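Working through the structure, step by step
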Amino acid sequence: MQSIGMPLLNDRFYPVLQPKGPDNFANPLKLLAQRLQFIDPITQQSNDWCCDELNFN
């Protein structure tokens, strides 16, 4: 994501490793995505969410 100019906001590990500390739930990771698709590793259920209002093209 960083390479295309859309980094994950509040990421403590990339692109620069931040000092180890407690998780800060006031600043969660922020991912902007038009579509998110994955198989749940526990239930094996397929998940697919799409937001047609976002257009990255």
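The notes below deal with the structure included here. Counting restarts for each chain: residues are numbered from 1 in the order of the written sequence. Reporting in this predicted model follows two pLDDT cut-offs: at least 70 for local features of residues, and 80 or more for side-chain atom pairs to be given and counted; totals over whole chains, interfaces and linings ignore these cut-offs and use all residues. Remark: hydrogens and water are excluded; side-chain values derive from all non-hydrogen atoms of the structure.

**Some thoughts on the packing of aromatic side chains**
Quick note on the threshold: In summary, the pairing rule links any two rings of Phe, Tyr or Trp, Trp by its six-membered ring, whose centres are within 6.5 Å, and it sorts them by plane angle into stacked for under 30 degrees, edge-to-face for over 60 and tilted for everything else. Runs of H or I in DSSP of at least four residues are treated as helices and runs of E of at least two as strands, each being numbered from the N terminus. Only protein chains enter the accessibility calculation, which uses a 1.4 Å probe. A residue is then buried if its area is under 20% of the maximum for its type, exposed if over 50%, and partly exposed in between.
Applying the stated rule across the entire model yields one aromatic pair. Each ring, one from Phe-38 and one from Trp-49, has its centre 5.7 Å from the other, and the planes form 40°; the classification is tilted. Residue Phe-38 is located in strand β1 (residues 35-39), and its partner Trp-49 is located in strand β2 (residues 46-50); the two are separated by 11 residues in the primary sequence. The exposure class assigned to Phe-38 is partly exposed, which follows from its relative accessible area of 35%. Taking the relative accessible area as the measure of exposure, Trp-49 reaches 47% and is therefore partly exposed.

**Notes on unusual backbone geometry**
In the Ramachandran plot, Asn-10 falls in the positive-phi region, its phi being about 70° despite a non-glycine side chain. With respect to the element layout, Asn-10 can be found in the segment before β1. The class of Asn-10 is partly exposed, set by a relative accessible area of 36%. Phi angles above zero are rare outside glycine, and Gln-44 is one such case at about 65°. Inspection of the secondary structure puts Gln-44 in the loop between β1 and β2. By relative accessible area, Gln-44 is classed as exposed at 55%.

**A short note on the pairing of β1**
Stated precisely, the cut-off is as follows: Paired strands, as defined in this entry, are two strands with at least two bridges between them according to DSSP.
Relative to β2, β1 is paired through five bridges, and the arrangement is antiparallel. Bridge pairing in β2 links Gln-37 to Asp-48. Where β1 folds back onto β2 in an antiparallel hairpin, the turn is made up of six residues, including Gln-44, whose phi is positive at roughly 65°.

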